[in-house]
Amino acid sequence: MGGMGGMEGMMGGGPKQPMDEVDGGQGDTKWKWEMNDDEILVRIALSKPTTKKDLKVTFAHKTLKVEVHGETIIDGKLEGAVHADECTWCIAEKGAELQLMLVATSGNRWVSLMDGSD
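Participant: Hey, could you go over the confidence of the model for the protein chain for me, with residue numbers and the actual values?
Facilitator: With 74% of its residues at a pLDDT of 70 or more, the protein chain has an overall mean of 83. The low-confidence segment residues 1–18, where pLDDT is below 50, has 12 contacts with residues more than four positions distant or belonging to other chains.

Structure, rendered in structure tokens:
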């Protein structure tokens with residue numbers, strides 16, 4: 001016999017819909033972020049090809065700092081708390097984009113990535 005597959009939507013307890021990507025950042029460096037359940041993806045467009053030697057990314061429980069080629073791109077308090085030891089980053093698009101994956105401590109939607117910003 002079959003289970004109750006597909007009942008989540010009828011019961012109202014189904015997964016939350018992913019949040020649309022939101023623009024952030026100021027000045028020349030722009031970034032986009034989106035949240036899906038407790039996962040937060042941040043995409044930072046890089047002005048020149050970048051390798052891991054050019055980056056310094058520091059994840060903490062409530063803060064994030066990103067430096068690229070010695071320039072601070074993001075530095076401040078996050079909108080919520082993350083599991084810093086589960087956060088990671090990678091370089092994509094042949095060094096043209098930095099992607100950060102943060103894991104929030106709860107699935108509550110964040111209004112913005114950084115506290116007090118968009």
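Participant: Mind laying out the pattern of salt bridges, listing which residues take part and the relevant values?
Facilitator: One pass over the structure, following the stated rule, counts two salt bridges. Here Glu97 ties to Arg43 by a salt bridge, and the two come within 3.0 Å at their closest N and O atoms. Taken together, the residues Glu97 in strand 8 (residues 97–103) and Arg43 in strand 3 (residues 39–45) connect sequence positions 54 residues apart. Between Lys65 and Glu67 there is a salt bridge, with the nearest N and O atoms lying 3.6 Å from each other.

Participant: Lay out the nonpolar core in plain terms, naming residues and giving numbers.
Facilitator: If you look at the biggest cluster of nonpolar residues, it comprises 25 residues, and the most contacted ones within it are Ile44, Val66 and Leu100. Among the elements of the structure, strand 2 (31–36), strand 3, strand 4 (55–59), strand 5 (63–68), strand 6 (71–77) and strand 8 are those that each provide at least two residues to this core. Once residues within four sequence positions are removed from consideration, Val66 is found in contact with Ile44, Lys56, Val57, Glu71, Thr72, Ile73, Ile74, Leu98 and Leu100.

Participant: Provide a residue-level description of the environment of Ala92, including the pertinent values.
Facilitator: Along the polypeptide, Ala92 turns up in strand 7 (residues 88–92). Residue classification places Ala92 among the buried positions, given a relative accessible area of 16%. Ignoring any residue separated from it by four or fewer positions in sequence, one finds Ala92 in contact with Glu97 and Gln99.

Participant: Quick rundown of the pairing of strand 8? Include the residues and the values.
Facilitator: Burial analysis of strand 8 places five of its seven residues in the buried class, the great majority of the element. Two elements, strand 3 and strand 8, share seven bridges in a ladder whose sense is antiparallel. Bridging from a neighbouring strand, Ala45 pairs with Glu97 of strand 8. As defined by bridge partners, strand 7 adjoins strand 8 across five bridges and the pair is classed as antiparallel. When the sheet's bridge partners are listed, Trp89 is paired in strand 8 with Leu100. Between strand 7 and strand 8, which pair antiparallel one after the other, the connecting turn spans four residues, and Glu93 there sits at a positive phi close to 55°.

Participant: Kindly report on the side chain of Thr50, identifying the contributing residues and their values.
Facilitator: Following the sequence through the fold, Thr50 ends up in the loop between strand 3 and strand 4. On the basis of relative accessibility, which here comes to 5%, the residue Thr50 falls in the buried class. Side-chain polar atoms of Thr50 contact the side chain of His69, separated by 3.2 Å. In contact with Thr50, not counting residues within four places along its chain, are Leu55, Val68, His69, Ile91 and Gly95.

Participant: Account for the environment of Leu55, with residues named and values stated.
Facilitator: Within the secondary structure layout, Leu55 lies in strand 4. Sequence separation between Leu55 and Glu71 is 16 residues; the distance between their C-alpha atoms is 9.3 Å. Sequence-distant contacts of Leu55, that is, excluding residues within four places in its chain, are made with Thr50, Glu67, Val68, Trp89, Ile91 and Leu98.

Conventions we followed
- Residues numbered from 1 in each chain as written.
- Predicted model: local features only at pLDDT ≥ 70, side-chain atom pairs only at ≥ 80, totals over all residues.
- Heavy atoms only, no water.
- pLDDT = per-residue confidence, 0-100.
- Contact = heavy atoms within 4.5 Å.
- Salt bridge = Lys/Arg side-chain N within 4 Å of Asp/Glu carboxyl O.
- Helix = DSSP H or I, 4+ residues; strand = E, 2+ residues; numbered from the N terminus.
- Core = buried A, V, L, I, M, F, W, Y, C linked by side-chain atoms within 4.5 Å.
- Buried < 20%, exposed > 50% of the residue type's maximum accessible area, 1.4 Å probe, protein only.
- Pairing = 2+ DSSP bridges.
- Polar contact = N/O pair within 3.5 Å; in protein donor to acceptor, adjacent residues only side chain to side chain.

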